[in-house]
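Summary of structural features
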Amino acid sequence: MLFLWFFTFYLVNDSFANVVEDIIVTATRTKTASDQLASTVHTLNFQPLSEKHQTSLGDVIKNIEGIEILNQGGVGKVSPIFIRGANSEHTLVLIDGIEANDPMSPTRAFDFARLNVNDIERIEVVKGPQSVLYGSNSLGGVINIITKKGRGESKLNLLIEGGSYGSQRTTLGLNGSRKTWSYNFMATQESSDGYSSANKKDGNTENDGHKQHSFTTKINQDLNKRLNLEFVGKYINANTELDENGALNGDDFDYNEDTEQLFSKIKASTYFLSGLVESSINLGYNLTKRQSHSSPFGSDPKFKAQNLKIESINNINITNNQNISLGVSYKKDRGESSAIKNLKASIKSTYLQYQFKKQHFFGTIGARMDEHSQVKDQISTYKATLGSQIKTTKIKTSFGTGFKAPSLSQLYDPTTGNTDLEPEEVKSWEVGFESSFYNKKLKFNSSYFQNHYSNLISFEPIGFRSINIGESKIHGFESSMSLRAIERVILSANFTRFFKFKNGNETLLRRPRNSASAQIQVQWNDQMNTALIHRYIGHRLDFDANTFTKTKMKAYNVTQAITEYEFKKNQSLYVRIDNLFNSNYEEINGFGTAELSVYLGLNLQLK
C-alpha cells in the first residue's frame, strides 16, 4: 500500500509535451508567470480526468498536498476545509473574484458542499496568509474559482450522469464568442437519494438525500481596445436532508435545510499610457439564505446574509520588471436571523504592493491598512516574498501576517455574541523549492511552513460568550512529485506531515499528522483514458458525540477509478467508481461515507 501513496500515474494528452508556464493572477493580483512567484500556488485547469469528472469541487481540491476537505455524511452535507491545518474559516473563497464566504455562518466559513465542477474553467489556490491583497478571512489561504469563458463559435454542451444511491446529474450549457462579445450560460440539476448522514453502523438507517439546481452566466464585452466589461452571475438553490448528530440513533427523519445563494459581479477594466497603467473597478455581491425545517434544536431558524464589496485595483508597470499595485475597497456585511435583525459591519481598506524581478531574483513587498466598523484600532498586515530561479530550480521564501475580523454571529449573537472581540491574527513563514529535470518530465516541489495564530475566537466556558483566548501553532512539511516516464503516462504523488498542530496544549481536531495522495492516469490511445486516484489519511483526533470526549480516528485508504472513451471528437462516455475497494472509513467521527459506488456519464458538445 505504501507504493500506492508515493507513486501515482496521471493522464496527459499529447499536448502536454509542450509545457507552457501558467499565468497566475490570484497570488499578486497581476498577471505573473508561475516561475516568477515566490508564493506557493496550485492551479487546476480541469482537463485531466481526475478533475473534470468529479462530483464536487471538494473532491478535486482535497488531492492537493496540505489541504483536507471533509464531508459530514454525503452529497450536499457540510464540507469544511483545512489549508495547512488552519481553521475552515481561515480560507477565503472567491468565485470570479466575488467573496463567497457566508457572513451569517457562525464563523464566516465557506461550505464546499454545493459547488460542482461543471462550470469551472480554472482554480488558483494560494497558501499562507494573503490579507495584504484580500483582507479578512485569508489567514490560511485563498481559493479563486474562475468560471468558464466563452470562446470561438457557439457550442452546446450536454452532460448526463447517473449511478449509485439514486444519483443523477444533468448539465446544459451554451458558450461562444462573436466579435467583441463572449458568453457562457450553464444550468445544472442534480439529486441523490443518499445514505444515512449519521453512520449506519450506529443504528442509523434513513437515507439523507440532496436536490440542487444551479445557474451560471458569464458575459464579456470589449467596448473598445482599452475598455472591457464583465458580468458574472451564479445562483444555487438546494435542499438537503440532515441528521441530528453523528451518534447512536442520530437519525432524524424530518430534519432538512433549504439553501439559496446568489453571487454576482460587474467589472470594468481599462488601460492607460499604452498599457503601462491597468485599472479596474469591481462591484461584487453575495446573498445567502438558509432555513432549517423540523430542526431538532428548537424552532426552525432562518438566516439571511448579504455582502457588498466595491474595489478599485490599479497596477502601474514602471518597467518590464517592476510593478506597483494600489487597491482601495469598501465592504459591508449585513445579516439577520430568526433571533435578531439588522446586523451589519463594514471594512474600509487600502493596500500597496511592489513587485520586482532582477536577474535571477524576484519577489513582492506589500502592506495593507483596514478599518473595521466594530474594531477600535486600525488593522495592519504585511507580506514579503523572495524567490530565485537558477536554471531549473526555484527557491522560494515568504513571511507575512494576516487577520480575520469577527463574524456577525460572533459579534451580535444574542446568546454568545461579544462586540468587544478583536480580530484573529497569524504570523507565518515558509521556505521551499521547485525543481524540474529532463525537459520538465520530472518535477519536485517541497515546502516547510510555520503558522502561529493568536487572538483566536472561542467560547468562554463560564459565560458562554465568544472571547479572544485561542492560540495555535502549526508547523509542517509538504512535498509533491510528478514523472512523465513515457509519452502517455505520468506518475505523481504528494505527502504532508504536521510536526506540530496545537491549540495551546491541545492537539487540533480532524487534522491527520500524515496524509498522502497518489494518482495514475494513462492515455491508452487517442480515444481511451483511465485514471486511478488513491488517498491515505492518517490517525487524527475527533469529538465523539456519544461520550462527549475526544477519540482517535483510524487511518484509512480510499481509491477512485475513472475511464473515459471519446467515440467522437468532444463526445464521450465515462464511468467513475468511487471507493473502489469498498473501504469502511469515516472522515468525521460518527458520519457515514459512501460504499463502492458506480456512476456512468455521457458528455456531448454540439456546434
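The following paragraphs examine the structure supplied in this document. These numbers come from a predicted model, not from an experiment.

So, on to the side chain of Ser 446. Mapped onto the secondary structure, Ser 446 falls in strand β24 (residues 442-459). Here the side chain of Ser 446 touches Ser 479 through a polar contact of 2.7 Å, side chain to side chain. For Ser 446, the residues in contact, after removing those within four places along its chain, are Lys 396, Val 431, Gly 432, Phe 433, Phe 477, Glu 478 and Ser 479.

Further remarks concern the nonpolar core. Membership of the largest hydrophobic core comes to 26 residues, with the highest contact counts inside it found for Leu 57, Ile 61, Phe 112, Ile 123, Ile 143 and Ile 145. Mapped by element, the contributors of at least two residues to this core are α3 (57-61), β4 (67-69), β5 (81-83), β6 (91-95), β8 (120-127), β9 (141-147) and β14 (227-241). Not counting residues within four places of it along the chain, the set of residues in contact with Ile 145 comprises Leu 57, Val 93, Leu 94, Ile 95, Asp 96, Leu 115, Ile 120, Arg 122 and Ile 123. Formed by 10 residues, the second largest nonpolar core is a distinct cluster that contains Phe 449, Phe 498, Phe 501 and Leu 508.

With that settled, the discussion passes to the packing of aromatic side chains. This model, assessed by the stated rule, comprises 13 aromatic pairs. When the ring of Phe 215 is compared with that of Tyr 235, the centres are 6.4 Å apart and the planes differ by 25°; the resulting orientation is stacked. With Phe 215 in strand β13 (residues 210-224) and Tyr 235 in strand β14, this pair connects stretches of sequence that are 20 residues apart. On the basis of relative accessibility, which here comes to 42%, the residue Phe 215 falls in the partly exposed class. Centroid distance Trp 429 to Tyr 448: 5.7 Å. Interplanar angle 55°. Geometry classified as tilted. Residue Trp 429 is found in strand β23 (residues 424-437), and its partner Tyr 448 is found in strand β24; the two are separated by 19 residues along the sequence. Linked through ring pairs, Trp 429, Tyr 448 and Phe 499 together constitute an aromatic cluster.

One pass over the structure, following the stated rule, counts 31 salt bridges. The closest approach of N and O atoms between Lys 394 and Glu 434, which form a salt bridge, is 3.5 Å. Of this pair, Lys 394 sits in strand β22 (residues 393-404) while Glu 434 sits in strand β23; the two residues are 40 residues apart in sequence, bridging distant segments of the chain. Classification of Lys 394 as buried rests on a relative accessible area of 3%. Here Lys 396 and Glu 434 are joined by a salt bridge, their closest N and O atoms 3.0 Å apart. With a gap of 38 residues between them, Lys 396 in strand β22 and Glu 434 in strand β23 connect regions that are remote in the sequence.

What counts as what
Residues numbered from 1 in each chain as written. Predicted model: local features only at pLDDT ≥ 70, side-chain atom pairs only at ≥ 80, totals over all residues. Heavy atoms only, no water. Helix = DSSP H or I, 4+ residues; strand = E, 2+ residues; numbered from the N terminus. Polar contact = N/O pair within 3.5 Å; in protein donor to acceptor, adjacent residues only side chain to side chain. Contact = heavy atoms within 4.5 Å. Core = buried A, V, L, I, M, F, W, Y, C linked by side-chain atoms within 4.5 Å. Buried < 20%, exposed > 50% of the residue type's maximum accessible area, 1.4 Å probe, protein only. Phe/Tyr/Trp six-rings, centres within 6.5 Å; stacked < 30°, edge-to-face > 60°. Salt bridge = Lys/Arg side-chain N within 4 Å of Asp/Glu carboxyl O.

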